[in-house]
Structures are given as structure tokens and as C-alpha cells.
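# Coordinates in review
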Amino acid sequence: MTLKKIHQSKNPNLLVITPLREGDNISENTIRTVMYHKKKLSFDWYSYEGSGNVMKNFLDGFSLYKEENNLKRPQYIIKIDNDTTWKLNTLTHMYETLSKCRDDSIAYCYCSFEYVGKVNAKFPAIPFNKDKLKKVNYISSNSMFRTEIIENIPPIIDDKYVRLLDYAYFLHLLYHGYRGIPCEKGYFRADTTNNSISSRDGEDYKEKFQRVYEDFIKRLE
């Protein structure tokens, strides 16, 4: 298990954690397009390589970051995957959208994204719709959260939901009265291969969706 510093600011407003499976690397496009934001945004960026699923590695990385940085906890936090390409200023726009929002029920900010490669699909940043969310997840796990939300209501890390861990979490937050806000100016692309979790077969998706339905959607109905 390894925590690695990629970029650090004196007084960061945002913490970026990139969770890695053992042996994974961060793509050049991800490094280039995230680092561009240091011109306008104060952030710390760390990667964490561990043996857990992506959300467990994200949380473990966050915990170790606080431990190694004297309990420092920027106000906002985002998980950025290692195979993403970010439109210029997207993180800045997301930060501004979330920091200017005075609605206490808003827990996170999401932007438009698309899968390219083995899987090809587009997800525009439409206004938050709880009824639509109960049917399909149109929000990426690469969303920006208020750090206090992550600490008070931690992401779902149970392996039984792997592939839909982020979906389970958005529904879990909705159950607790929290929702998201779209960032219309933001966009990123996620490259998919045969090894990408989103490339698994349809039966795997149906099985995981049924588990999410039973444990998270039913209680919202």
C-alpha cells in the first residue's frame, strides 16, 4: 500500500486522490490535464495504490493523507481515475460551482463525461433528478464532494456492489437528504479497455444492479 505525492500546494482548497490497483499507473493525459489546473486552483494531489476496490483505496488514501499531513483536510475532495482526460478549467469550474452553492443539501458537484474505447457512451451534466437517479446512474464517481460529507457519510466499499459502488453511494446520500449539482462547463473523457470495470458483461451489471436495487433503491420508494 503506497501513498505518493504528485502535487502539493501551501493552502489547498481541494484534495485530489487517484486510487490505483496494484501495478496501475496514471496516464500522461490525466497528469497533463489535471496539472493544468494548478494555474488557477490550489490543490493537493496524491495517488494511493492498494489491494482494495477503487472506493476503499480512495478512502484509505484519504486517511493516510491526513495522517501524513497533520490531519490537514481541504474543504473539497475529488476522486480522479488514472485514465481520464479533463477539459481545461473543469476542476476550477466544479470548485466554483460547489463553493458558491449555499444549499446545505448539496453534497457534491458533477460534470459531463463520456466513455471512449471498449465502451462508448456520453453522459451530459443534466439537472439533478432523484427519480431518474433511481432508474439509472448518470453521475460519475469523478465528482467533487464537500469533504465533511465524505467523512460523515463515507462512500460504500462493500465488494458485493463493485462496478456500481458510486451508484450505491449517490443513492445512499439521497436517502440521507443529500443531492448533487451539475457543472455545465465541465467535461472529462474516460478511456476504456477490456480491463476496465465498465467493460464487464451485461450479466455482471444486472447482478450488481439488483443488489443496489434491493439495498438502496427500495428504501427510497
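Scroll up to find the structure.
Here the structure is a predicted model, which is why all the values come from computation and not from measurement. (Residues numbered from 1 in each chain as written. Predicted model: local features only at pLDDT ≥ 70, side-chain atom pairs only at ≥ 80, totals over all residues. Heavy atoms only, no water.)

We now examine the side chain of Thr18. Its place among the elements puts Thr18 in strand 2 (residues 14–21). Among the polar contacts made by the side chain of Thr18, one reaches the side chain of Trp45 at a distance of 2.9 Å. Apart from the residues lying within four places of it in its own chain, the contact partners of Thr18 are Ile26, Trp45, Tyr46, Ser47, Tyr48, Ile80, Asp81 and Asn82. (Helix = DSSP H or I, 4+ residues; strand = E, 2+ residues; numbered from the N terminus. Polar contact = N/O pair within 3.5 Å; in protein donor to acceptor, adjacent residues only side chain to side chain. Contact = heavy atoms within 4.5 Å.)

Here the focus is empty space enclosed by the protein. In total, this model carries one cavity of 30 Å³ or more according to the counting rule given. In this structure, the largest cavity encloses a volume near 80 Å³. As for the largest cavity, its lining consists of Met55, Phe58, Ile78, Lys79, Ser141, Ser143, Phe145, Ile150, Pro155, Asp166, Tyr169 and Phe170. Those elements that provide at least two residues to the lining of the largest cavity are helix 2 (54–68), strand 4 (76–79) and helix 6 (165–175). When grouped by side-chain class, the residues that make up the lining of the largest cavity number eight nonpolar, two polar and two charged. (1 Å grid on protein atoms, 1.4 Å probe; cavity = no way out; pocket = protein on both sides within 12 Å on 5 of 7 lines; lining within 4 Å. Points joined across faces, edges and corners; volume = space filled by probe spheres on them. Nonpolar A, V, L, I, M, F, W, Y, C, P; charged D, E, K, R; others polar.)

Next up on the list: unusual backbone geometry. Residues other than glycine seldom take positive phi values, yet Leu71 does so here, at roughly 65°. For Asn89, which is not glycine, the phi dihedral falls at a positive 75°. As for its position among the elements, Asn89 is in the loop between strand 5 (84–86) and helix 3 (90–99). Its relative accessible area of 16% is what places Asn89 among the buried residues. (Buried < 20%, exposed > 50% of the residue type's maximum accessible area, 1.4 Å probe, protein only.)

Coordinates in, geometry out; function isn't part of it.
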